[in-house]
Amino acid sequence: MNPVPDIFRILPEVILTLTGVAVMLTDASLPPHWARRPLGWVAALGATFALWASLWQLSLPQGTGFYGTVETSAFTIFFHVLICGIVLVALLLSLDTLPADSHHQGEFYALVVFGAVGMCLLTGAVELLLVFIALEISSISTYVLAGYRKQTGCGPEAAIKYFLLGSFATAFLLYGVAMIFGATGTTQIYEIAQLAASAPNHSLVLASLALMLVGILFKVSAVPFHIWTPDVYEGAPSPVVALLSTAPKAAAFALLLRVAYEMFPSLHSLWAPLLWIVAVLSMTVGNLAALRQQNVKRMLAYSAIAHAGYLLAAFAGLGNSGIAAASFYIAAYAAMNVGIFAVITLISGYNDERPLVADFRGVLYRSPLLGSLLIFFLVSLVGIPFTGGFFGKFYAFTAAVGGGAVWLAIIGLLNSGLAAAYYLRLALAAAQRPADAAAATALPAPQVGIAVGAALLLAVLATLVLGIVPGEVLHAAEGGAHSLQAPPPSIKVPGGFVRGLAVEQPPAP
Amino acid sequence: MNAINESILTWILLLPLAGAVLVALMPDRGKLPNWIALLTSLATFGFTLHLPAHFLLGQGGFQFQIDLPWIENPAIFYHVGVDGLSLWLVVLTGLLAPIGVLASWNAIKERRKVFFALFLVQQTAMFGVFISLDLMLYYGFWELSLVPMAILIAMYGRKDGPKAAIKFFLFTFIPSAPLLVALLWLYARTGSFDFATLQILITHGALPAGALFWVALAFLFAFAVKVPVFPLHGWLADTFTEAPVALAMVVAGKLGLYSMLRFHIGLFPVQARAAAPYLIALAVVGMLYGACLALVQRDFWRLIAFAALSHLSLITLGIYGLTFTGWDGAVYQILNHGVIDGALFVLLGFLYDRYQTSQIGDYGGLAGKLPRTATLFVIASLAMIGLPMLNGFVGEFLILSSTFTGVSKSWAIAASLGVILGAAYMLWLVQRIFYGPESNLATSKPADDLHFRELAVLAPLAVLMLVMGLAPSLWMQSIETGVHPPPLKGSSVLPASALPIPFHGEVQR
């Protein structure tokens, strides 16, 4: 078999990087008064090509490149496609909703694309230093995006909070990496897996697991590392929240799956109960807090925390079913969450930091299209059958029940009943007759442009496909699970390291 | 003809949905949505009539079956079919749809598109519940049926729609969480969601009895809230007060009672037998409680709501008496209740449209001005009371006599007391609205009796009340094939104490 050129292993990342660089340089060299909007189309085109390139990678044999640091497998392709898809939709959404007078539009598009590079790389990396670098690439872009609207309101506050807490969490992760390197003398995940399996109770391994979990759980905004979420969602512009609430999370969950099931499968008995507890805490705290929110963006932030909890429930599942369920859930969640933030952006505007539930009263009357879409996405978030949200929960809790965590499933489903209360409050406010019908109809209905229309169409189609014919996507997620669980191709266990675990076991033949 | 038999249920299921899509795509101009909805629902009703016309009486089990794989993992099948139990419920749902459309013809003045599209989606969901033989498919439709209902209550609520809608939604959504966990547990144990397969496995003792207790309880709880059974009826009165007439007609009773028969008693006969004494007690209490509350209501929607609680409790009594006669009567009474309550709702809706109040005290002496309304109202009331020769009598008689002979004389006597109270509040309602001196309200408005369209809605219902009262055997023959089918294959291994298995199907796979 011909070896695959290394560059093909990171083709989507290469395309995205080139796009980002091109957008940034063009932005800098264009005269200031020229419109920057076409750059957004260039970025969207780049994301489309990257998506296509990820799909093309299916034709490659599974394997690693660049000295065993980057992997291409069904698992990485699943997440690459997902992230590129989210970025594409977020770009389309921004194209029509960014204020035309913004001077930094070019930067915006470039940052989104660079963020995507980091997230894609994060899902493909099988070497911890590369994981760290990828995480930083994605984080730094998102920190800047969160504070993109720096002149007004709580934008800067949100960005600073996100940045400080985020750096702190990344430091935890890095500390964990250092510990495991100290224990095993390697940063290659397959090698760590083998070495850690031979000495699961080594204190450095345990410390490393704990520290890495903290770092990752922060990124997925699971309780008790969730404090930043509502503030960031409130302060960041709505199109950015559409991106922030989905793509980095998908990447972080991919990393969590890799750490849990590929790096530390031998510590399953340790991390499974931990994640069990975090799952219960996240959904309960998230839902209870969301119940009290009047600000729609904060409400959806708490709902995101709760969804992280449902997703973590899938980790109670055994091997393949758990991984597949979690991957599927991320896809479903991304589809509906991007969709709902797109609708919110259109209804309450790019700048609105405090869209209140009461402001949504009568949306269905002002704009039947947006009102129906809002209700549709909320219904999916509730988890009603025939929408993606249902099968997401369904697979997650099936996995949990299959893994023997019946109680987790019961708590989760009761929580989704609780969650219905606040989603419904918003949906029903939208359906209610406006207090002053004449004034409401006099307000202009929000305009839906071509780009944002395409974004909404993609989100609706994805949510419906995941809810009515989830077979294909689940199949892909299962393929990813298999590839993650498959024994890695060829591992050369280093015999030369003398510290830590390597001493306690003879080198493999 | 064979080809039609093999696909008729799919047509019935999809036609309202197609109508909904058509309504959503066409412009909201004048009465266009009304006409599309009317034609769709009439066509669907026509299709449902195909079922009794080609139903083979001598044959037990399910007919018109379709069994296609839908989702590979988990194994969910598009498995639909009807037997004697669901046959007429499907037809009743089909009949009430055009009646609901006509009853809303003028009452719905704005956002007709949304109303009729959601109304048709609701029809699909109801058909789906009655014909699904795959538990997951069934659950999907069960949940789906909540959404249009909640949105429409919020949109067209008379006073505080959203509050009633949330109450309705949460009351039914939260109990379905344990139901879903129960389904997932069954699947994890058996690998099947198929009704007939599960029925065989459960009756042959393939599952541990201790866990089945909880599973059966989860089923029962979800259904009991939906019926509603005392004391879980908190949502009923508000929903009846706020819901548009066309939806209030279809909401109560049918889905929950049918599900009790098919999925609680049908799947868990042993557990149902254990639960029966409690349910009988609750049913009788509910009958008396509902009747007493109906006596003191000042608002006719609330009066009808508590009357419904009383009547639905009677049907619950018939179901959990666990006698064949009781089941015959219960199924028949579900049909009666649909027809009678439908007619009463339409009539009260007409009164409300004309006089804009639901306070009984404001009415009086309308019989002289609205003779046709009065006549039809009296007929419907008498049918509800259970006057011989009208349909209510047949069902009530079967249920009460089966309780008297098969369950306990004292419960039967208590239940009869509830029936007598029923006569009291209905006749008093008739007297207060239509007889006595003309109230100010009645004199203030010109006489405006039923129009042709309204008569066209009510006349068939009135005729049905008479025919169903005079010739119940037309319906009873096919109901009986569902209620006591020929013995199940392999049933000889059952312990002698076990119930004969009602409502069973043939194992397909």
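Residues numbered from 1 in each chain as written. Chains lettered and ligands numbered in written order. Predicted model: local features only at pLDDT ≥ 70, side-chain atom pairs only at ≥ 80, totals over all residues.

J.: What is the right way to look at the overall build of chain B in this model?
T.: Regarding its fold elements, chain B presents 22 helices and two strands. Taking 2.2 N^0.38 as the reference for a compact globule, 509 residues should give roughly 23 Å; the C-alpha atoms of chain B span a radius of gyration of 22 Å, in line with that estimate. Considering only C-alpha atoms, chain B reaches an extent of 70 × 55 × 40 Å along its principal axes. Sorting the 509 residues of chain B into buried and exposed places 61% on the buried side. Long-range contacts, defined here as pairs at least 24 residues apart, represent 80% of the contacts in chain B between residues at least 6 apart. (Helix = DSSP H or I, 4+ residues; strand = E, 2+ residues; numbered from the N terminus. Rg over C-alpha atoms; globule rule 2.2 N^0.38 Å. Buried ≥ 20, exposed ≤ 12 C-beta atoms within 10 Å, placed from the backbone. Contact = placed C-beta atoms within 7 Å.)

J.: Help me out: how do you make sense of the overall build of chain A in this one?
T.: When its secondary structure is counted, chain A shows 23 helices and two strands. In terms of overall dimensions, chain A is globule-like: its C-alpha atoms have a radius of gyration of 22 Å, near the 23 Å expected for 509 residues. Each principal axis of the C-alpha atoms in chain A carries an extent, and together these give about 80 × 55 × 40 Å. Within chain A, the fraction of its 509 residues that count as buried is 63%. Restricting to contacts in chain A with at least 6 residues of sequence separation, those with at least 24 account for 81%.

J.: Please clarify how helix H21 (residues 450-468) of chain A should be interpreted in this entry.
T.: Helical periodicity: at 3.6 residues per turn, an α-helix aligns residues three or four positions apart in one direction. Residue and element names in this part refer to chain A. In this model H21 runs 26 Å from its N-terminal to its C-terminal C-alpha over 19 residues, within 8% of the 27 Å that 1.5 Å per residue would give. Listed as buried for H21 are Ala451, Val452, Ala455, Leu456, Leu458, Ala459, Val460, Ala462, Thr463, Leu466 and Gly467. Where H21 is buried, its residues contact helix H4 (74-97), helix H15 (319-348), helix H17 (368-382), helix H18 (388-402) and helix H22 (471-485). (Expected span 1.5 Å × (residues − 1).)

J.: Explain the interface of chain B and chain A here, please?
T.: Interface size, as often reported, equals the accessible area lost upon joining of the parts. If you look at the interface, chain B gives 30 residues, while chain A gives 32 residues. Mapped by element, the contributors of at least two residues to the side of chain B that touches chain A are helix H5 (135-144), helix H6 (146-156), helix H7 (161-173) and helix H8 (176-190) of chain B. In the side of chain B that touches chain A, the residues fall into 24 nonpolar, three polar and three charged. (Nonpolar A, V, L, I, M, F, W, Y, C, P; charged D, E, K, R; others polar.)

J.: What is the right way to read unusual backbone geometry from this model?
T.: With the exception of glycine, the majority of residues adopt a negative phi angle, and the majority of peptide bonds are in the trans configuration. The linkage connecting Val223 of chain A with the following residue, Pro224 of chain A, adopts the cis geometry, with an omega of 10°. With respect to the helices and strands, Pro224 of chain A occurs in the loop between helix H9 (203-219) and helix H10 (228-235). In this structure, Pro228 of chain B follows Val227 of chain B across a cis peptide bond, with omega equal to -5°. Structurally, the position occupied by Pro228 of chain B is in the loop between helix H10 (209-226) and helix H11 (236-242). Non-glycine residue Phe66 of chain A carries a positive phi angle of around 50°. Note that Phe66 of chain A resides in the loop between strand S1 (63-65) and strand S2 (70-72). Accessibility expressed as a C-beta count within 10 Å gives 14 for Phe66 of chain A, which makes it partly exposed. Non-glycine residue Ser221 of chain A carries a positive phi angle of around 50°.

J.: Got a minute to help me understand H8 of chain B in this structure?
T.: In a regular helix each residue adds 1.5 Å, so 15 residues correspond to 21 Å; H8 of chain B covers 21 Å between its end C-alpha atoms and thus fits that length. H8 of chain B sits mainly inside the fold: twelve of its 15 residues count as buried. Where H8 of chain B is concerned, the buried positions are Ser176, Ala177, Pro178, Leu179, Leu180, Val181, Ala182, Leu183, Leu184, Trp185, Leu186 and Tyr187 of chain B. On its buried face, H8 of chain B sits against H18 and helix H19 (406-431) of chain A together with H5, H7, helix H9 (195-203) and H10 of chain B. After H8 of chain B finishes, the residue Gly191 of chain B shows a positive phi value of roughly 75°.

J.: What should I look at first to understand the nonpolar core in this one?
T.: Nonpolar side chains tend to gather and get buried jointly when the protein is soluble and globular. Ile83, Val87, Val112, Ala116 and Tyr329 of chain A together with Ala150 of chain B are the most contacted members of the largest nonpolar core, which totals 414 residues. Among the elements that take part in this core, H15 of chain A stands out by supplying 21 residues, more than any other. (Core = buried A, V, L, I, M, F, W, Y, C linked by C-beta atoms within 7 Å.)

J.: Could you clarify how one ought to interpret the environment of Gly58 of chain B in this entry?
T.: In this fold, Gly58 of chain B is placed in the loop between helix H2 (32-53) and strand S1 (63-71). With 279 residues separating them along the chain, Gly58 of chain B and His337 of chain B place their C-alpha atoms 27 Å apart.

J.: Is there a simple way to explain the packing of helix H3 (residues 84-103) of chain B against helix H4 (residues 112-131) of chain B in this structure?
T.: Packed helix pairs are specified by the crossing angle of their axes together with the interaxial distance, meaning the distance between the axes. All names here are of chain B. Where H3 meets H4, the axes come as close as 9 Å, and the angle between the chain directions of the two elements is 170°. In this view, H3 runs roughly antiparallel relative to H4, as classed from their interaxial angle. Seen from H3, the contacting residues are Ser86, Leu89, Val90, Thr93, Ala97 and Gly100; seen from H4, they are Phe119, Gln123, Met126, Phe127, Phe130 and Ile131. When the residues that make up the contact of H3 with H4 are grouped by side-chain class, the tally is eight nonpolar, four polar and no charged. (Axes fitted to C-alpha atoms, helices over the stretch in contact; angles between N-to-C directions. Parallel < 35°, antiparallel > 145°, perpendicular 65-115°, else oblique.)

J.: Explain the pairing of S1 of chain B here, please?
T.: Each regular strand shows side chains that alternate between the opposite faces of the sheet. Residues and elements named next belong to chain B. Relative to strand S2 (residues 76-82), S1 is paired through six bridges, and the arrangement is antiparallel. Within the sheet, the bridge partner assigned to Asp67 lies in S2 and is His79. Counting the residues between successive antiparallel strands, the hairpin from S1 to S2 contains four residues. (Pairing = 2+ DSSP bridges.)

J.: Can you walk me through the confidence of the model for chain A in this structure?
T.: The predicted coordinates of low-pLDDT regions are not to be read in fine detail. Mean pLDDT over chain A works out to 86, with 92% of the residues at or above the 70 mark. Scored below 50 in pLDDT, residues 491-507 of chain A makes 33 contacts in the model with residues more than four places away or belonging to other chains. (pLDDT = per-residue confidence, 0-100.)

J.: Honestly, the packing of helix H18 (residues 391-407) of chain B against helix H19 (residues 409-434) of chain B in this entry has me stumped. Any pointers?
T.: All names here are of chain B. The N-to-C vectors of H18 and H19 enclose an angle of 155°; their axes lie 7 Å apart at closest approach. Classed by the angle they form, the pair H18 and H19 counts as roughly antiparallel. For H18 against H19, the interelement crossing comes out left-handed. Residue-level contacts link Glu396, Leu400, Thr403, Phe404 and Val407 of H18 to Lys409, Trp411, Ala412, Ala415, Ser416 and Val419 of H19. Looking at side-chain class alone, the contact of H18 with H19 contains seven nonpolar, two polar and two charged residues. (Left-handed = near helix turned anticlockwise from the far one by under 90°.)

J.: In this structure, what is going on with the environment of Ser416 of chain B? I would like to understand it.
T.: Residue and element names in this part refer to chain B. Locating Ser416 in the fold gives a position in helix H19. Overall, the presence of 15 C-beta atoms within 10 Å leaves Ser416 in the partly exposed class. Along the backbone, Ser416 and Phe404 are twelve residues apart, and their C-alpha atoms lie at a distance of 10.0 Å.

J.: Got a minute to help me understand the environment of Asp27 of chain A in this structure?
T.: All names here are of chain A. In this fold, Asp27 is placed in helix H2 (residues 11-29). Along the backbone, Asp27 and Gly106 are 79 residues apart, and their C-alpha atoms lie at a distance of 5.3 Å. The residues touching Asp27, leaving out its near neighbours within four places in the chain, are Arg36, Leu39, Gly106, Glu107 and Ala110.

J.: Help me understand the confidence of the model for chain B in this model?
T.: Residue and element names in this part refer to chain B. The share of residues in chain B with pLDDT of 70 or more is 94%, and the mean pLDDT across the chain is 85. Note on residues 486-501: pLDDT is under 50 here. Beyond four places in sequence and across chains, it has 15 contacts. Every residue in residues 504-509 scores below 50 in pLDDT, and together they form 20 contacts with partners more than four places removed in sequence or on other chains. Scored by ipTM, the complex comes to 0.83, with pTM at 0.88.

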